[in-house]
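Notes for the structure review
These are the residues of each chain, in order.
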Amino acid sequence: MDITIRPIRQAEFETVGELVVQVYLADGLLSGADDPYAAVLRRVAHRAEHAEIWVAVDGKNEADGAVVGAVTFAAYGSPYAELAGPGEGEFRMLAVRDEGRGHGVGEALVRACLERARGLGLRAMVLSSQRHLLPAHRLYRRLGFARAAGRDWEPVPGLRLWAFARELT
């Protein structure tokens, strides 16, 4: 798959919101379409004001806006940085459509976040993940992230998120 990673365009806000919700639903990360977190995922305009959203676009169809994946990058201090501390960046809401999986889309989005963090002079990158997302954990480990169990947390009672961290060089 020939992909381009770039910042989101305003015309893509609704598309990306629905992409993330549909991927989260398919992966069992939401209790249903009415899960309160679905509304958060759809608030792309708000996210774009307070963080950075990067998209993966099918390179062959970039002019048509064929978005196949998206991720939110937030540096410490952003309302979207839930786990990051001083000097750290965080990525969240990583979602890749089925047709992009296994083609390096997720990896390219994570690498874009790592490059952005380095460009900002940050010393580390962190993320949260649900424990059953084993393919994602393999990707994170391959990219140098390690479990940071001491930073695991519960955004809502009963939902334990695993933390991963990576130093940047």
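Just above, that's the structure.
From a predicted model like this one, the values you see are computed outputs, not experimental measurements.

The next subject is unusual backbone geometry. In this model, M93 sits at a positive phi of 55°, which is unusual for a non-glycine residue. Position of M93 among the secondary structure elements: in strand β4 (residues 88–96). Using a relative accessible area of 4% as the deciding quantity, one classes M93 as buried.

Here the focus is the pattern of salt bridges. Taken as a whole, this structure holds 10 salt bridges when the rule is applied. A salt bridge links R151 to E88; its shortest N-O distance comes to 2.8 Å. Of this pair, R151 sits in the loop between β6 (146–147) and β7 (153–156) while E88 sits in strand β4, and the two are 63 residues apart along the sequence. Judged by its relative accessible area of 5%, E88 is buried. Across the pair R111 and E107 runs a salt bridge whose closest N-O atoms are separated by 2.9 Å. Of this pair, R111 and E107 both sit in helix α4 (residues 105–119), 4 residues apart, roughly one helical turn. Connected through shared salt-bridge partners, E88, R123 and R151 make up one network.

A few words now on α4. Count 3.6 residues to each turn of an α-helix, and residues three or four apart come out pointing the same way. Look at α4: 21 Å from first C-alpha to last across 15 residues, which is about the 21 Å you get at 1.5 Å a residue. Considered for burial, the residues of α4 that qualify are V105, G106, L109, V110, A112, C113, L114 and A117. Following α4 by one or two positions, G121 adopts a phi angle in the positive range, close to 75°.

The buried fraction of strand β3 (residues 67–75) amounts to 8 of the 9 residues, a majority that puts the element mostly inside the structure. Bridging between β3 and β4 involves 6 bridges; their strand directions are antiparallel. Its bridge partner being in β4, A74 is matched across the sheet by E90.

Moving on, we get to the environment of D27. Considering the arrangement of structural elements, one finds D27 in the loop between α1 (13–26) and α2 (36–42). At 2.7 Å, the side chain of D27 forms a polar contact with the side chain of R101.

Grouped together as the largest cluster of nonpolar side chains are 32 residues, with contacts concentrated most on I8, V16, V20, Y24, L41 and V55. Elements represented by at least two residues in this core include exactly α1, α2, β2 (52–58), β3, β4 and β8 (159–167). A total of 7 residues in this core trace back to one element, the largest contributor, which is α1. Excluding anything up to four places from it in sequence, L41 contacts G17, V20, V21, Y24, L30, R47 and M93.

Within helix α5 (residues 134–142), the full set of buried residues consists of H137, L139 and Y140. Angular distribution of buried residues about the axis of α5 spans 160°; they occupy a single face of the element. More than 90 degrees from the buried face of α5, the exposed residues found are P135, R138 and R142. Close packing links the buried residues of α5 with β4, α4, β5 (124–130) and β8.

Moving on to the environment of L159. Mapped onto the elements of the fold, L159 is located in strand β8. Judged by relative accessible area, which is 29%, L159 ranks as partly exposed. In this structure, L159 is in contact with Q130, W153 and E154, ignoring residues within four places of it in sequence.

Conventions we followed
- Residues numbered from 1 in each chain as written.
- Predicted model: local features only at pLDDT ≥ 70, side-chain atom pairs only at ≥ 80, totals over all residues.
- Heavy atoms only, no water.
- Helix = DSSP H or I, 4+ residues; strand = E, 2+ residues; numbered from the N terminus.
- Buried < 20%, exposed > 50% of the residue type's maximum accessible area, 1.4 Å probe, protein only.
- Salt bridge = Lys/Arg side-chain N within 4 Å of Asp/Glu carboxyl O.
- Expected span 1.5 Å × (residues − 1).
- Pairing = 2+ DSSP bridges.
- Polar contact = N/O pair within 3.5 Å; in protein donor to acceptor, adjacent residues only side chain to side chain.
- Core = buried A, V, L, I, M, F, W, Y, C linked by side-chain atoms within 4.5 Å.
- Contact = heavy atoms within 4.5 Å.
- Arc of directions from axis to C-beta.

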